[in-house]
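Listed below, chain by chain, are the residues.
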Amino acid sequence: MSNFSIIFIDDNFNEMSPLVQTMSVEFPQADVSHVFNDPQKGVEYVLGNLDKQMIVFVDWNYKGTTKKGLSILRSIREKTSLLYVIMMSANKIIQNGIKDTEIIEMMNAENFYFYDSSADNSDAVALVKTILGKMKSKFDCVLEQWLIRHPEDKNKVVIRQNGVNYTWNDVLREVRMQTEFGMDFERKANQTSIYRYKCSK
């Protein structure tokens, strides 16, 4: 899979950090240039680019602030449940001051993974490979790949609803943001695909 970004929100990281460099080597097709030390700026970037495929690594703790990785996950989930988030911590979960309720909330989050950053980077690579495998069948990712192959269709109006014209780019953004329109479009598209598959048998 190409044309995706791996984002890092961690106050100890920079572009030369070992994990960032590992991702650059293992996934040369990915953009790994976005490393945010300020969690707020990281969240703003992610939420401002929901029309792009992203995998977001989030640190659990941030120095000099009460900000926790869980609050970043919540901010992202307020806008979309489709984005893959990998929470990182070098400390053991039980010893890291993570409450049971926080663990449960993270476990119940969609498209969420936990990475023990004290482990080998190969564990993080394996997680990204797992996510990329899942992306191949996700509606928004399939649509994006189709638009990459057919750039001439990106700005074509595909549907008009409630007086609003939606291009394919608009549809992709609405699906990723999980708006009412986006979820309805995805549901109908899936139903149509199933119907056509049955009729072809």
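Residues numbered from 1 in each chain as written. Predicted model: local features only at pLDDT ≥ 70, side-chain atom pairs only at ≥ 80, totals over all residues. Heavy atoms only, no water.

1. Things to note about the packing of aromatic side chains
Aromatic rings in a pair are described by how distant their centres are and how their planes are angled relative to each other.
Alright, step 1. Overall, the coordinates contain 11 aromatic pairs when judged by the stated rule.
Alright, step 2. Taking the centre distance of 5.2 Å and the plane angle of 15° together, the rings of Phe8 and Phe57 count as stacked. Here Phe8 is found in strand β1 (residues 4-9), whereas its partner Phe57 is found in strand β4 (residues 53-59), with 49 residues between them in sequence. Judged on exposure class, the residue Phe8 and its partner Phe57 are both buried.
Alright, step 3. Every member of this aromatic cluster is reached through a ring pair, and the members are Phe139, Trp146, Tyr166, Trp168, Phe181 and Phe185. (Phe/Tyr/Trp six-rings, centres within 6.5 Å; stacked < 30°, edge-to-face > 60°. Helix = DSSP H or I, 4+ residues; strand = E, 2+ residues; numbered from the N terminus. Buried < 20%, exposed > 50% of the residue type's maximum accessible area, 1.4 Å probe, protein only.)

2. Some thoughts on the pattern of salt bridges
Alright, step 1. In the structure shown here, the tally under the stated rule is 7 salt bridges.
Alright, step 2. A salt bridge links Asp140 to Arg176, with the nearest nitrogen and oxygen atoms 2.7 Å apart. Here Asp140, found in helix α6 (residues 139-149), pairs with Arg176, found in helix α7 (residues 168-176); they are 36 residues apart in sequence, far enough to count as distant.
Alright, step 3. Its relative accessible area of 4% is what places Arg176 among the buried residues.
Alright, step 4. Put simply, Lys188 and Asp184 hold a salt bridge, and the shortest N to O gap is 3.1 Å. With Lys188 and Asp184 both in helix α8 (residues 180-199) and 4 residues apart, the pair spans about one turn of that helix.
Alright, step 5. Exposure remark for Asp184: the relative accessible area of 18% places this residue in the buried category.
Alright, step 6. Here the salt bridges share partners, and the residues they tie into one network are Lys138, Asp140, Glu144 and Arg176. (Salt bridge = Lys/Arg side-chain N within 4 Å of Asp/Glu carboxyl O.)

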